[in-house]
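# Structural overview
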Amino acid sequence: MSSHRTYADDLFPQEVMDSGTATPPQDYPSSTSSQSSHQHYLESANSRIHVGWVTSPYEAKEELDTAISGHCSRLGEAKYTFVAFPVGGVVRGFWKPVEGAKNEPPAIQLPDVQLANNLWETYVTGRTSPWIDCDSEDPKFAEISEESLITELNYIAYMGLNSMTIQLNRISSPRTAALFNKWVWTRNTRFTMWIQLPSSVEQCLDFDPQSTPKNMDIWTIWANFRQGCYNFSGVYLQAMLRIAGDLPDEFVDTKRVDRWKAEPLGGFVVETDVYATDRNGMASLSSAHISFLRQLWSSDDLRILVDPKTDTFLYNVTLKAEYALALRQAVRDVNYKSSESSTTSLAVSEYKDVLQAPLQPLSENLDSSVYNVFEQDKIKYDAYGDAVMGVLKELGADGRKEIVIYLLGGGRGPIGTTILRAEKDYNTKFRQKGDHLKVKLYIVEKNANAIITLRYMNHRTWRRRVTIIESDMRRLPEIARKMNYHQPDLIVSELLGSIGDNELSPECLDGVTDFLKPETISIPQKYISYVAPIMSNHIHQTIRAQSIPYLARGLPSHGRLQPELNGEGAWVQLYPQGDIINNMDQIYVVFLSKYISLSRQTKEMFTFQHPNFQHSTNERSAFIEFPIDRNTDIMGFAGYFDLHLYKNVILSTVPETHTPGMMSWFPALIPLREQLRADDGDTVALKINRKVDQGGVWYEWSAQLKKPNGEIITTPIQNPNGESYYMRM
Ligand SMILES: C[S@@+](CC[C@H](N)C(=O)[O-])C[C@H]1O[C@@H](n2cnc3c(N)ncnc32)[C@H](O)[C@@H]1O
């Protein structure tokens, strides 16, 4: 059964999940009764939505460097909540290097003691000097830039600022990225780094209409920079999208805009030439700009910076405030949570993108709380009831008096109750008094603890009608022969994981085949797994960053090896393949949130049918191709399944056909070791094998990327021999 149900995590009805980020109606103000709550809503937007001001050369007088607090107060009056200020002070910040001259930038002169530390942290983002260009074609200037950038980063660290921002002006910034790569991985100082991207490819200093690839885009500029920093945590290294008057196509085409949902987006820098004037003479945004902002406004933690491109705001005193107001108006209702809904959405959000290890109910006994979580899913049990009813109707049509049903893997018995209820409903609807169809029910369960509950249920709820068999179902043929148990007309089971077969349902059910009649029916009759490639820098980083605490180093891995007693007398689990490979080569269960699917369609992976009278192998092999329709980084594949219980009674976790309200399974995740860069027009394939040996089952997988010119890139085979993820039998 499903692994996402490992913890008491999914008690929330699907409806709540779906509306987790409860947004107020667009017409919020009119839907609230009082003026004062409307006022409160507007005021809360001023503090909830952080709009900052980029200090520009237009207002930069030298005195500003020692008068930051007054600068901040004036911005506060215009409803700005922070300022991006040159970290070296305005003289250094707006210095202009002269070509060919012996350039020596002015020294840093922004005294720290003018503000209390907490005020610097809260209100000031350090902006590196805009003239810095470590990737300049002029090697001397590139060198000066590198030295200056390190000096400024050091100063940001010294000041204890919480955030800094740097503007990328090139398509390719390998030296800047290398400098950041070293800094983030080796310096024990933590502040958020907002990497401002160019507003369009054509704006870049190194853009060349002849040599720049036609499909170059802002996302690729960012992805190369992020990759240059070896995908350092998105908590600290974030992209800021620069918005100018003309939006490039990739900020208008929804499927390309969506990629930013899978990236660590810090926010936006809005150039003031995007503003028009509305009917009331106020600064306003175009509907294209508003819709772009809204599409990516995933959280009110995002930041917006207003970057003045003219000095008009110096003469028109209300303009600054109007800029900020227009931005808040654009996004303030997107993530607005009314006070009634906030508790629930918070609880659900705790499980977003949390990695869970799939359950292995065959090799490990589940505990009561896990069963309790399963049992909340009324939709699943109702579907089982419908399927059993379907079989009773079909078999009962010949007027028989008895039908023998085995529930295989009964847990605490909810499907047992469902079966007996179906019997009652069938007799009420289709049989006369005295002509009842009787279900002879056996429940098989190997978990000795759950057996205690089943016996209690039998005594209390089922009026001792059920024969309870404490055993692994694979021993059922032997036990049943010895005990003269009846052969089943119907076997019912639910032994399914997030991709169907990954809790070893096929192997368990095959174990009872010799005890079946040729006409025995199985519920389920069939299950099919599905996959789709996904993009998610966040989940990639989360998987990589898992580490094993000292006191957990003896816990069994999910791989083939078991913990060992080492020479010092401690139990230790060894990972000869290394921690990172071990992390990347497992299948996880995740309530996916910060991700996007890269295919409009999920595609079939493996199919299993029951009963498997031919004893066909449970090994499988699949090669599943997907066309890629945008430049992207593929982090792996999301996995789903559908469950054909009986005839047209189907349960599904596949996004296109998801059973409404069913919450029993979160998607599975099949990660790649490294994110795989793909371009618009490529084809990616998942190559996956399901392998079986004496002790268990495992998957081995890799990806194959095909370029339009026929070039093929193949990634390494993951989880060879089940070393990191092995399902014991
Ligand atoms: C996913 S749970 C489902 C429990 C219950 N049918 C329900 O829907 O709540 C699967 C159950 O099958 C049991 N099980 C798994 N493999 C088994 C096997 N080979 N023989 C007997 N029981 C097994 C597990 O102990 C567990 O109780």
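Bear in mind that the values here come from a model prediction, so they are computed numbers and not experimental data. (Residues numbered from 1 in each chain as written. Predicted model: local features only at pLDDT ≥ 70, side-chain atom pairs only at ≥ 80, totals over all residues. Heavy atoms only, no water.)

### What to know about the packing of aromatic side chains
Applying the stated rule across the entire model yields 26 aromatic pairs. When the ring of tryptophan 95 is compared with that of tryptophan 131, the centres are 4.8 Å apart and the planes differ by 85 degrees; the resulting orientation is edge-to-face. Taken together, the residues span a long stretch of sequence, with tryptophan 95 in the loop between helix 5 (90–93) and helix 6 (117–123) and tryptophan 131 in the loop between strand 3 (124–127) and helix 7 (139–159) at a distance of 36 residues. For the pair tryptophan 95 and tryptophan 131, a shared accessibility class is recorded, and that class is buried. On the numbers, 4.3 Å between centres and 5 degrees between planes, the contact of tyrosine 406 with tyrosine 442 is stacked. Residue tyrosine 406 is located in strand 12 (residues 402–408), and its partner tyrosine 442 is located in strand 13 (residues 438–445); the two are separated by 36 residues in the primary sequence. Across this residue pair, the class does not change: tyrosine 406 and tyrosine 442 are buried. (Phe/Tyr/Trp six-rings, centres within 6.5 Å; stacked < 30°, edge-to-face > 60°. Helix = DSSP H or I, 4+ residues; strand = E, 2+ residues; numbered from the N terminus. Buried < 20%, exposed > 50% of the residue type's maximum accessible area, 1.4 Å probe, protein only.)

### Remarks on the environment of asparagine 709
Relative to the assigned elements, asparagine 709 resides in the loop between strand 28 (696–706) and strand 29 (712–714). Along the sequence, asparagine 709 and aspartate 682 sit 27 residues apart, while their C-alpha atoms lie 9.3 Å from each other. Separated by 2.9 Å, the side chain of asparagine 709 and the backbone nitrogen of glutamate 711 make a polar contact. (Polar contact = N/O pair within 3.5 Å; in protein donor to acceptor, adjacent residues only side chain to side chain.)

### Brief notes about the nonpolar core
By size, the foremost hydrophobic cluster in this structure holds 184 residues, and its most contacted members are Trp260, Phe268 and Tyr406. Ranked by the residues each element gives to this core, the list is headed by helix 16 (residues 378–396), at 9 residues. Counting residues in hydrophobic clusters, the runner-up holds 15 residues, among them Leu355, Ile528, Tyr530 and Val654. (Core = buried A, V, L, I, M, F, W, Y, C linked by side-chain atoms within 4.5 Å.)

### Focus: the layout of surface pockets
Looking at the second largest pocket, its volume works out to about 960 Å³. Ala357, Pro556, Ser557, His558 and Gln586 are, among the 38 residues lining the second largest pocket, the residues nearest its centre. Within the residue set of the lining of the second largest pocket, elements represented by two or more residues are strand 11 (355–356), helix 15 (368–374) and helix 22 (579–584). (1 Å grid on protein atoms, 1.4 Å probe; cavity = no way out; pocket = protein on both sides within 12 Å on 5 of 7 lines; lining within 4 Å. Points joined across faces, edges and corners; volume = space filled by probe spheres on them.)

### A short note on empty space enclosed by the protein
For the structure on display, the rule yields 3 cavities of 30 Å³ or more. Size it by volume and the largest cavity reaches roughly 390 Å³. Forming the walls of the largest cavity are 26 residues, and the residues nearest its centre are Gly409, Gly411, Glu445, Glu494 and Leu495. What lines the second largest cavity is a set of 17 residues, among which Ile132, Ile166, Gln167, Leu168 and Asn169 lie closest to the centre. Tallying contributions element by element places strand 4 (residues 163–167) first for the lining of the second largest cavity, with 3 residues. Broken down by class, the residue content of the lining of the second largest cavity amounts to 5 nonpolar, 8 polar and 4 charged. (Nonpolar A, V, L, I, M, F, W, Y, C, P; charged D, E, K, R; others polar.)

### Topic: a nonpolar patch on the surface
A cluster of nonpolar side chains, contributed by Tyr58, Leu314 and Tyr315, occupies part of the molecular surface with about 340 Å² of accessible area. Relative to the helices and strands, tyrosine 58 resides in the loop between strand 1 (50–54) and helix 4 (68–77). Assessed through its relative accessible area of 37%, tyrosine 58 is described here as partly exposed. (Patch = residues over 30% accessible without salt bridge, like charges linked within 9 Å, V, L, I, M, F, W, Y side chains within 5 Å. Areas by Shrake-Rupley, 256 points an atom, 1.4 Å probe, with all protein chains shown as cover. Salt bridge = Lys/Arg side-chain N within 4 Å of Asp/Glu carboxyl O.)

### Re the sheet that holds strand 6 (residues 237–243)
Judged by pairing direction, the barrel is parallel, and its 8 strands sit side by side in the order 1-2-3-4-5-6-7-10 before closing back on the first. Neighbouring strand axes in the sheet, compared pairwise and without regard to direction, differ in orientation by 30 degrees on average. In this sheet, strand 3 lies alongside strand 2 (residues 82–86) in parallel orientation, the contact comprising 4 bridges. In the sheet register, valine 83 faces strand 3, and the bridge partner there is valine 124. Sheet strands touched by helix 7: strand 3, strand 4 and strand 5 (192–196). Its angle to strand 4, the strand with the most contacts, is close to 160 degrees. The sheet contacts of helix 8 (residues 174–186) involve strand 4 and strand 5, and relative to strand 5 the element is tilted by about 170 degrees. (Pairing = 2+ DSSP bridges. Axes fitted to C-alpha atoms, helices over the stretch in contact; angles between N-to-C directions. Contact = heavy atoms within 4.5 Å.)

### Concerning the pattern of salt bridges
By the definition in use, this model includes 41 salt bridges. When the shortest N-O distance is used, the salt bridge between glutamate 146 and arginine 175 registers 3.1 Å. Highlighted residues: glutamate 146 in helix 7 and arginine 175 in helix 8, separated in sequence by 29 residues. Between arginine 242 and glutamate 271 there is a salt bridge whose closest N-O contact spans 2.7 Å. Remark: glutamate 271 occurs in strand 7 (residues 265–271) and arginine 242 occurs in strand 6; sequence separation between them is 29 residues. With relative accessibility at 10%, the residue glutamate 271 sits in the buried group. Look at the salt bridges and you will find they share partners, linking Arg226, Glu263, Asp633 and Arg677 into a network.

### A short note on the state of the cysteines
Taken as a whole and assessed by the stated rule, the structure comprises 0 disulfides. Not part of a disulfide, cysteine 134 finds its nearest cysteine sulfur in cysteine 229, a span of 12 Å. When its relative accessible area of 1% is taken as the criterion, cysteine 134 is described as buried. Free of any disulfide, cysteine 204 has its nearest neighbouring cysteine sulfur in cysteine 134, separated by 16 Å. (Disulfide = S-S within 2.5 Å.)

### Describing the sheet that holds strand 14 (residues 467–470)
As summarised here, the arrangement of the 5 strands in space is 14-13-12-15-16, forming an open sheet in which the pairing is parallel. Each having just a single partner strand, strand 14 and strand 16 (521–523) make up the two edges of the open sheet. Neighbour-to-neighbour, the strand axes of this sheet turn through a mean angle of 20 degrees, independent of strand direction. Examined bridge by bridge, strand 12 and strand 13 share 7 bridges and lie parallel to one another. Counted as the bridge partner of valine 404 is lysine 440 from strand 13.

### Section: the UniProt feature "active site" (unreviewed entry) in the chain
Mapped onto this numbering, the UniProt entry annotates "active site" (unreviewed entry) at Glu494 and Glu503. As for the largest cavity, its lining draws on Glu494 and Glu503 from among the annotated residues. By the secondary structure assignment, glutamate 494 is in the loop between strand 15 (490–493) and helix 20 (505–510). For glutamate 494, the side chain forms a polar contact with the side chain of lysine 380, separated by 2.7 Å. Following the sequence through the fold, glutamate 503 ends up in the loop between strand 15 and helix 20. (UniProt positions renumbered as here; feature names shortened; annotations may be inferred.)

### Section: the environment of valine 54
Tracing the backbone shows valine 54 in strand 1. Look at valine 54 and you get buried, because its relative accessible area is 2%. Taking C-alpha positions, valine 54 is 8.9 Å from proline 86, a pair spaced 32 residues apart along the chain. The contacts of valine 54, once residues within four sequence positions are left out, are Glu59, Ala84, Arg127, Leu305, Val306, Asp307 and Pro308.

### Comments concerning the confidence of the model for the chain
The share of residues in the chain with pLDDT of 70 or more is 93%, and the mean pLDDT across the chain is 92. pLDDT under 50 marks residues 1–29. Its contacts with residues more than four places away, or in other chains, come to 95 contacts. Model confidence for the complex is summarised by a pTM of 0.91, with the ipTM given as 0.99. (pLDDT = per-residue confidence, 0-100.)

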